[in-house]
Amino acid sequence: MSGIDEYLRDLLKGKKDVVLKKLEGVKRKFEEKDSELTRVAEKLAKAQNELKEFRANTFEKHPEIQERSSDFLTGALNEYGDEDPADFDWNAYMQRYIFMQRLLLKVDIDELQRYKEDNRKLDEWHTEEGKLRLNRERVEDEHYNIKIEVEQLKEAVQKYEAELKQVNEGLNLMESMYRSLQCTLCLQLFGTNERQRVSTKCGHTCCQECATKWFASHRNCPTCKGPGKSFHAVYI
């Protein structure tokens, strides 16, 4: 192999080593991120289930509490009008509400206490629901960001695999071209040291000197072992 050929082959092999190292690193990161994505997906499913179960055990399980509180709140909002929320007198409203309810519906003070308890429960539920919803949204963002990283790493793996394939094809082509210009017996290039290229009957090549020595003691091709001991010169 000539100095230029050796240089090109070493250059390709060096590039192959670089690409292989990058590919291994990216694959390792991809596997780590993919595992992390699986863990976050499980965490997201857990957060979604927690929120779903909380709603099922509160709002959906006790619709009468929300309904009673909604009726009470609607009455307050109707009396609220355009007044500033900070200036609204809830105690005065509750007293008027009790009075009206006693006149119209004969509702006693226990009814008001139940409304107040309903509102307290709803406030607690909404606060807890907000925390669970916020946690779910945070995990959703985390899941989305990791998913993007996984896709980017996947594209990087494909890129380096394609680059590695090109380098291997270049090396294979160079080796194939080199073998086609090389004697299969002495491994010397044709044309060096006046080595004449010859071909056997089956089409395999070697130098004339090696062919003469081989067929002096063999009756088959040195490459495929096919029958025959004749050969002829090949000019390229």
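Keep in mind the model is a prediction, meaning the values are calculated, not measured. (Residues numbered from 1 in each chain as written. Predicted model: local features only at pLDDT ≥ 70, side-chain atom pairs only at ≥ 80, totals over all residues. Heavy atoms only, no water.)

(A) Quick look at helix 5 (residues 208–215). Within helix 5, the full set of buried residues consists of C210, A211, W214 and F215. When helix 5 is viewed along its axis, its buried side chains cluster within an angular range of 115° and face the same direction. Buried residues along helix 5 sit in contact with strand 1 (197–200), strand 2 (205–207) and strand 3 (231–233). (Buried < 20%, exposed > 50% of the residue type's maximum accessible area, 1.4 Å probe, protein only. Helix = DSSP H or I, 4+ residues; strand = E, 2+ residues; numbered from the N terminus. Arc of directions from axis to C-beta. Contact = heavy atoms within 4.5 Å.)

(B) Spotlight on unusual backbone geometry. Located in the positive-phi region is K225, a residue other than glycine, with phi close to 65°. Relative to the helices and strands, K225 is located in the loop between helix 5 and strand 3. The class for K225 is partly exposed, based on a relative accessible area of 48%.

(C) Quick look at the pairing of strand 1. In strand 1, alternate side chains face the same way, and those of R197 and S199 on one face and V198 and T200 on the other are all buried. Inspection of the sheet shows strand 1 paired to strand 2 by three bridges, in the antiparallel sense. Residue pairing in the sheet places S199 in a bridge with T205 of strand 2. Linking strand 1 to strand 2, which pair antiparallel, is a turn of four residues; within it G203 sits at a positive phi near 100°. As paired elements, strand 1 and strand 3 share three bridges and run antiparallel to each other. (Pairing = 2+ DSSP bridges.)

(D) Layout of the confidence of the model for the protein chain. On average, the protein chain scores 77 in pLDDT, and the residues at 70 or more come to 73%. Mean pLDDT values for the elements of the protein chain range from 59 in helix 3 (residues 90–104) up to 86 in helix 5. (pLDDT = per-residue confidence, 0-100.)

(E) Seen up close, the pattern of salt bridges. All told, the structure shown has eight salt bridges when counted by the stated rule. Here K213 ties to E209 by a salt bridge, and the two come within 3.4 Å at their closest N and O atoms. In this pair, K213 and E209 are both assigned in helix 5, four residues apart and thus about one turn of the helix distant. Residues joined by salt bridges that share partners form a network here, namely K33, E36 and E149. (Salt bridge = Lys/Arg side-chain N within 4 Å of Asp/Glu carboxyl O.)

(F) Seen up close, the nonpolar core. The biggest cluster of nonpolar side chains holds nine residues, and these are C183, F190, V198, C206, C207, C210, A211, W214 and F215. Looking at this core, the elements that each hand over two or more residues are strand 2 and helix 5. If you tally residues by element for this core, the top one is helix 5, at four residues. Sequence-distant contacts of F190, that is, excluding residues within four places in its chain, are made with S180, L181, Q182, C183, R195, R197, T205, C206 and C207. (Core = buried A, V, L, I, M, F, W, Y, C linked by side-chain atoms within 4.5 Å.)

(G) Structural detail: the sheet that holds strand 1. Sheet architecture is open: three strands sit in the order 2-1-3, paired in antiparallel fashion. Lying at the two open borders of the sheet, with one neighbouring strand each, are strand 2 and strand 3. In this sheet, neighbouring strand axes are inclined to one another by 35° on average, regardless of whether the strands run parallel or antiparallel. (Axes fitted to C-alpha atoms, helices over the stretch in contact; angles between N-to-C directions.)

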